[in-house]
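Report on the structure
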Amino acid sequence: MEIPAELGRVLVIIPTYNERDNIEGIVGRVREAVPPADVLVVDDASPDGTGQLADALAKADEHVQVLHRAGKEGLGPAYIAGFRWAAEHGYDVMVEMDADGSHQPEELPRLLAALEDADLVLGARWIPGGKVRNWPVRREALSRGANTYARLMLGIPLHDATGGFRAFRAATLEKIGLEEVDSRGYCFQIDLALRTLREGLKVVEVPITFVDRVHGTSKMNQDVFAEAAFRVARWGLADRVERLRRPRR
Ligand SMILES: Nc1nc2c(ncn2[C@@H]2O[C@H](COP(=O)(O)OP(=O)(O)OP(=O)(O)O)[C@@H](O)[C@H]2O)c(=O)[nH]1
Ligand SMILES: [Mg+2]
């Protein structure tokens, strides 16, 4: 499957923190799956040398670029820096993808095809056709629970708002006010999906098969979880208060 020409120039943004054993494989798979697309690795000065490995990949392939950041700030700020870089370089589509192999580059053509008729496409695990491979029952329960919580709290029709395999039109990112986003961990994903819906834009979920990481360690921790739980509650409550104050005419 090719990338629909109508979409324009596509940049696949891959944030990395200590992904030494994953970076080369994942970049190679992206290049093979969607040859016209470019890749931007956004590395937060990984102590394990991921940034230098990425530089070597960039040197060997003009479709690959690296954005080095001074230190670990979390997923959200890394993506925002990547989105800015993409806008400055004239890309029309920005894709989010993890470095650890959980998101399969071979599914990119399907995500991009769906973007022809959407403003944001979410790769979704928790819809018919979506799957997870090798995930412990505990992680699955946590992710399903978090998504149910977000759906009910925020009143949004999404089934996988926490996932990080997605494709935005550049125009979508322009409209949703990225400069106000200060979420860092998982809730960054919920935050962007919510903003897109509130702009009245079209969000489509496409089933994906999510594969647990084989190499490296997770950056998910209690702080990331608490940030998401707390912020989603705050956004949900703020929305309800707002609706009470401004009754529908
Ligand atoms: N640049 C940057 N990348 C990050 C940061 N935190 C996580 N990442 C990357 O973001 C992607 C998702 O992080 P993961 O650690 O895989 O998080 P997760 O998928 O919840 O956890 P796993 O169970 O390990 O899969 C990976 O490519 C990470 O290397 C960060 O602070 N800065
Ligand atoms: Mg992961």
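What you see is a predicted model, and the numbers here were worked out from it, not measured in a lab. (Residues numbered from 1 in each chain as written. Chains lettered and ligands numbered in written order. Predicted model: local features only at pLDDT ≥ 70, side-chain atom pairs only at ≥ 80, totals over all residues.)

Taking the UniProt record as the reference, the feature "domain: Glycosyltransferase 2-like" (unreviewed entry) is found at residues 12-176. The distance separating the terminal C-alpha atoms of residues 12-176 is 20 Å; by composition the span is 41% helix and 19% strand. (UniProt positions renumbered as here; feature names shortened; annotations may be inferred. Helix = DSSP H or I, 4+ residues; strand = E, 2+ residues; numbered from the N terminus.)

Turning next to the pairing of strand β1 (residues 10-16). In terms of burial, β1 is a largely internal element, seven of the seven residues being buried. Residues Val10, Val12, Ile14 and Thr16 line one face of β1 and the alternating positions Leu11, Ile13 and Pro15 line the opposite face, and both faces are buried. Relative to strand β4 (residues 93-96), β1 runs parallel, the two sharing four bridges. When the sheet's bridge partners are listed, valine 10 is paired in β4 with valine 93. Here β1 runs beside strand β2 (residues 38-43); their pairing, made up of six bridges, is parallel. Each residue of the ladder has a partner; that of threonine 16, found in β2, is aspartate 43. Of the crossover connections in this fold, the one passing from β1 over helix α1 (residues 23-33) to the parallel β2 is right-handed. (Buried ≥ 20, exposed ≤ 12 C-beta atoms within 10 Å, placed from the backbone. Pairing = 2+ DSSP bridges. Right-handed = clockwise from strand over helix to strand, strands pointing away.)

Our focus in this paragraph is the packing of α1 against helix α2 (residues 50-60). α2 packs onto α1 with a crossing angle of 35° between their chain directions and a minimal axis gap of 10 Å. Judged by the sense of rotation from one axis to the other, the crossing of α1 with α2 is right-handed. Contact residues: Ile23, Glu24 and Val27 in α1; Thr50, Leu53, Ala54 and Leu57 in α2. Taken together, the residues that form the contact of α1 with α2 break down as five nonpolar, one polar and one charged. (Axes fitted to C-alpha atoms, helices over the stretch in contact; angles between N-to-C directions. Left-handed = near helix turned anticlockwise from the far one by under 90°. Contact = placed C-beta atoms within 7 Å. Nonpolar A, V, L, I, M, F, W, Y, C, P; charged D, E, K, R; others polar.)

A few words on the site of ligand 1. In the neighbourhood of ligand 1, 20 residues make up the surrounding shell, with Pro15, Ala78, Ala99, Ser218 and Lys219 lying closest. Contributing elements (two or more residues each) for the shell around ligand 1: β1, β2 and α3 (75-88). Grouping the amino acids of the shell around ligand 1 by side-chain chemistry returns seven nonpolar, four polar and nine charged. (Near = placed C-beta within 6 Å.)

The biggest cluster of nonpolar side chains holds 65 residues, and the ones touching the most others in it are Val10, Leu11, Val12, Ile13, Met94, Val95 and Ile190. Looking at this core element by element, the count peaks at seven residues for helix α7 (residues 187-198). (Core = buried A, V, L, I, M, F, W, Y, C linked by C-beta atoms within 7 Å.)

This paragraph deals with α1. Those residues of α1 that fall on the buried side of the exposure criterion are Ile23, Ile26, Val27 and Val30. Projected onto a plane normal to the axis of α1, the buried residues spread over an arc of 95° and lie on a single side. (Arc of directions from axis to C-beta.)

Taken together, the seven strands give an open sheet; going across it, the order is β3-β2-β1-β4-β7-β5-β8, and neighbouring strands pair in mixed fashion. The open sheet has two edge strands with one neighbour each: β3 (64-68) and β8 (203-207). The mean angle between the axes of side-by-side strands here comes to 20°, regardless of whether they run parallel or antiparallel. Sheet topology note: the β4/strand β7 (residues 166-169) ladder contains four bridges and is antiparallel.

Structurally, the position occupied by alanine 161 is in the loop between α5 (137-154) and β7. Setting aside residues no more than four positions away along its own chain, alanine 161 makes contact with Asn147, Ala150, Ile156, Gln189, Ile190 and Ala193.

Moving on to the packing of α5 against helix α8 (residues 222-245). Two measures define how a pair of helices packs: the angle their axes make with one another and the distance between the axes. One can describe the packing of α5 onto α8 by two numbers: an axis separation of 8 Å at closest approach and a directional angle of 20°. In terms of orientation, α5 and α8 fall into the roughly parallel class. Relative to α8, α5 is oriented so that their crossing is right-handed. For the pair α5 and α8, the contacting residues are Ala146, Tyr149, Ala150, Met153 and Leu154 in the first and Ala228, Val232, Ala233, Trp235 and Gly236 in the second. Residues of the contact of α5 with α8, tallied by class, amount to nine nonpolar, one polar and no charged. (Parallel < 35°, antiparallel > 145°, perpendicular 65-115°, else oblique.)

In this section: the pairing of β2. Judged by how many residues are buried, β2 sits mostly within the fold: six of six residues are covered. On β2, burial covers both faces: Asp38, Leu40 and Val42 on one face and Val39, Val41 and Asp43 on the other are all buried. Where β2 and β3 come together, five bridges link them in parallel fashion. Bridge assignment links valine 41 to a residue of β3, and that residue is valine 66. For the crossover that starts at β2, traverses α2 and ends in the parallel β3, the hand is right-handed.

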